[in-house]
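# Breakdown of the fold
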Amino acid sequence: KTEESVPKFKKLISYTTNVKIRANMIELLVRTCRINNDRVAFLDVFHYILEKHWNDHIMVHESFLQEVSKPFCIAQLGHKHWELLNKFLCFFKLQKRNYFTTYILIEYVKYCLNNNLPIQSSLEELVESNYYTYNICTKNPIYEKICLKAFLEILTSYEGEEFYKCINYVQSLSNWNKRHP
């Protein structure tokens, strides 16, 4: 149970000076919450990572995000989880480390759509990140169409030097039309 394992992992992590071992233990800490489907402990782990490992080695941050971004794990996130994860992602973006943020950002858009929250700023971030497609939320045609319309609004404000983003949009729209005649 997480009531026993989470405090033990935290204690072990605090004693570990080896970055690789600490990163592996952080993964196990998140995985323990996921396996036991314990969202409360998971929220506690989010707080712990932000408080104790904010300035830790990049390998520790990557291990945390890699484990959190697994499909079963990320689907379990609630409002408070997303609030903390978005703080962590802002830090990652400031460090110019965007490789995990795109997938998590797409999942956040899905969360927002499911909960009637605004998506504009998240979609703007996706456009800025040069993500290769605008076909997100493909498992839900209604959400995908909402996103495609919002992407069009965003892209109409871009100048000529961002023309390739418009080409990506046209390709995404073509992809949509092929799947939804």
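Let us look at the structure shown here. Residue numbering note: each chain is counted from 1, following its sequence as written. Two thresholds apply to this predicted model, a pLDDT of at least 70 for residue-level local features and 80 or more for giving and counting side-chain atom pairs, whereas whole-chain, interface and lining totals are computed over all residues. Derived side-chain values reflect all non-hydrogen atoms in the structure, with water molecules and hydrogen atoms excluded from consideration.

Think of it this way: any DSSP run of H or I at least four residues long counts as a helix, any run of E at least two long counts as a strand, and we number them from the N terminus. From N to C terminus, the protein chain includes ten helices and zero strands. Secondary structure elements in the protein chain, listed N-terminal to C-terminal, are α-α-α-α-α-α-α-α-α-α. Referenced to the eigenvectors of the C-alpha coordinate spread, the extents of the protein chain come out at roughly 55 × 30 × 25 Å. Relative to its full complement of 181 residues, the protein chain shows a buried share of 47%. Buried means the residue's accessible area, taken with a 1.4 Å probe over protein chains only, is under 20% of the maximum for its type, while exposed means over 50%, and partly exposed covers the values in between.

For the rest of this paragraph, the subject is the side chain of T32. For T32, the position within the fold is in helix α2 (residues 19–35). Residues are treated as being in contact if the distance between any of their heavy atoms lies within 4.5 Å. Setting aside residues no more than four positions away along its own chain, T32 makes contact with T2, S5 and F9.

Moving on to helix α10 (residues 163–179). Every α-helix winds through 3.6 residues per turn, so residues three or four apart in the chain are directed the same way. Between its first and last C-alpha atoms α10 spans 25 Å; for 17 residues at 1.5 Å apiece the expected length is 24 Å, and the two agree. The set of residues buried in α10 consists of K165, N168, Y169, S172 and W176. Each buried residue of α10 lies within a common arc of 105 degrees when the element is viewed along its axis, so the set occupies one face. Along α10, the residues that are exposed and aim more than 90 degrees away from the buried face are F163, V170 and K178. Take the residue count of a helix, subtract one, and multiply by 1.5 Å to get its expected span. When we speak of the arc, we mean the arc of directions from the helix axis to the C-beta atoms.

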